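Examining the three-dimensional arrangement
In case you want the letters, here they are:
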Amino acid sequence: IFLHGFGASSETWNDILPLLEKLDATFIVFDLIGWGFSSKPAQGDYSMSANAAAIERFVAENELNQFILLGHSFGGGVAFPAACSDSRVKAIILISPYFEKDPSVFMKKCTVAKLFITGGDDYMVPTDTVEGYYRDAAEPRKLEVIRGADHFWGGYENKLSDLAAPFFLDNL
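A short tour of the structure in this document, coming up. Just so we're clear, the structure is a prediction, and the values are computed from it rather than from any experiment. (Residues numbered from 1 in each chain as written. Predicted model: local features only at pLDDT ≥ 70, side-chain atom pairs only at ≥ 80, totals over all residues. Heavy atoms only, no water.)

1. Regarding the overall build of the chain
Each helix and strand counted, the chain has five helices and six strands in total. The secondary structure elements of the chain, listed N-terminal to C-terminal, are β-β-α-β-α-β-α-β-α-β-α. For 172 residues, the compact-globule formula gives about 16 Å, and the C-alpha radius of gyration of the chain, at 15 Å, lands near that figure. On the principal axes, the C-alpha backbone points of the chain span a range of 40 × 35 × 35 Å. Sequence-distant contacts, at least 24 apart, represent 62% of the contacts inside the chain between residues at least 6 apart. When the accessible surface of the chain is split by element, carbon and sulfur atoms take 50% of a total near 8,600 Å². (Helix = DSSP H or I, 4+ residues; strand = E, 2+ residues; numbered from the N terminus. Rg over C-alpha atoms; globule rule 2.2 N^0.38 Å. Contact = heavy atoms within 4.5 Å. Areas by Shrake-Rupley, 256 points an atom, 1.4 Å probe, with all protein chains shown as cover.)

Written out as C-alpha cells, the structure is:
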C-alpha cells in the first residue's frame, strides 16, 4: 500500500510503479483524506491519526492478510503506527518520513522490517533527521541515502525503485 505525502496524491507513484511491475505483487495506491481522488469534507479530520484509521478500514474491508506499507513524507507518518501494531504488515518503507510527534518510542519498539530512504538534498525532511529515526529504530532496519535527490525525487525514480524492489521481495 503506497501512501503519498501532504498536498500530493496517488499520482505521486505514477513514475515509480511501472519500474516495480517486474515484482509479482499487487500495488495499491491510496489517496489520503482530502487529496487526489478522495473525498474532501469541509469539516473533515485530515490528521495522521484520521488517515491511519482510513487505512485500517480499507485493509479490513478488503480483507488484506499480508502487506507492505510504503509512505512518503506525511504518508510515512500515517503508515508507521500501523506497521508497528498490525501483525499483517510485513514491512515498511519510509521515504523522507515526516512525523507530527517524536517517533523515537515507537521506533525502539517496532520490530517489523524497516527501510528508510532519504534524499541527500532533502530540505523538507533533512537527511540527518531520517538518520536519527534510523538510529532510534529497532532491528531489522536499513538506511539508504540517495545523493542529489530532494524531497520529491524528480529524476531519481529508477534509484528509488532499485532500492525498494529487493526490499519488497525480501519481505513479501
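2. Section: the sheet that holds strand S2 (residues 29–30)
Pairing in this open sheet of six strands is parallel, and the strands run S2-S1-S3-S4-S5-S6 from one edge to the other. Whereas interior strands pair on both sides, the edge strands pair on one side only; in this sheet they are S2 and strand S6 (141–146). Bridge count between strand S4 (residues 89–95) and strand S5 (residues 113–119): five bridges; the pairing is parallel. What sits directly across from isoleucine 93, in S5, is leucine 115. (Pairing = 2+ DSSP bridges.)

3. Considering the packing of aromatic side chains
Any aromatic ring pair is given by two values, namely how distant the centres are and how the planes are angled relative to each other. Tallied over the entire structure, the rule returns 10 aromatic pairs. Each ring, one from phenylalanine 2 and one from tryptophan 13, has its centre 5.2 Å from the other, and the planes form 70°; the classification is edge-to-face. A residue pair is termed long-range when its members are at least 10 positions apart, and phenylalanine 2 in strand S1 (residues 2–3) and tryptophan 13 in the loop between S1 and S2 qualify at 11 residues. Take phenylalanine 2: its relative accessible area is 1%, and that puts it in the buried class. Judged by centre distance (5.1 Å) and plane angle (70°), the rings of phenylalanine 6 and tryptophan 35 are edge-to-face. Highlighted residues: phenylalanine 6 in the loop between S1 and S2 and tryptophan 35 in the loop between S2 and helix H1 (48–61), separated in sequence by 29 residues. Phenylalanine 6 sits in the exposed class, given a relative accessible area of 59%. What makes tryptophan 35 partly exposed here is its relative accessible area of 26%. (Phe/Tyr/Trp six-rings, centres within 6.5 Å; stacked < 30°, edge-to-face > 60°. Buried < 20%, exposed > 50% of the residue type's maximum accessible area, 1.4 Å probe, protein only.)

4. Points about the state of the cysteines
Within the structure shown, the criterion is met by one disulfide. Here cysteine 84 engages in a disulfide with cysteine 110; their sulfurs sit 2.4 Å apart. Its S-S torsion of approximately -100° makes the covalent link between cysteine 84 and cysteine 110 left-handed. Linking cysteine 84 in helix H2 (residues 74–85) with cysteine 110 in the loop between helix H3 (104–109) and S5, this pair joins segments that are 26 residues apart in sequence. By relative accessible area, which is 1% here, cysteine 110 ends up buried. (Disulfide = S-S within 2.5 Å.)

5. Here's the deal with a nonpolar patch on the surface
A contiguous nonpolar surface patch, about 380 Å² in accessible area, is contributed by Tyr123, Met124 and Phe152. Of note, methionine 124 is situated in the loop between S5 and helix H4 (127–136). (Patch = residues over 30% accessible without salt bridge, like charges linked within 9 Å, V, L, I, M, F, W, Y side chains within 5 Å. Salt bridge = Lys/Arg side-chain N within 4 Å of Asp/Glu carboxyl O.)

6. Some points on the nonpolar core
Core analysis: the biggest nonpolar cluster contains 32 residues, and Ile1, Leu3, Leu69, Val78 and Ile92 have the highest contact counts within it. If sequence neighbours within four positions are ignored, valine 78 has contacts with Leu3, Leu32, Met48, Asn51, Ala52 and Ile55. Within the second largest apolar cluster, 23 residues are counted, among which are Ile16, Ala149, Leu163 and Ala164. (Core = buried A, V, L, I, M, F, W, Y, C linked by side-chain atoms within 4.5 Å.)

7. As for H1
Every α-helical turn comprises 3.6 residues, leaving residues that sit three or four positions apart pointing alike. With 14 residues, H1 should cover 20 Å at 1.5 Å per step; its first-to-last C-alpha distance of 20 Å lies within 8% of that length. Restricting attention to buried positions, one finds in H1 the residues Met48, Ala50, Asn51, Ala52, Ala54, Ile55 and Val59. Against S1, S2, strand S3 (67–72) and H2 lie the buried residues of H1. One or two positions beyond H1, positive phi appears at glutamate 63, with a value near 50°. (Expected span 1.5 Å × (residues − 1).)

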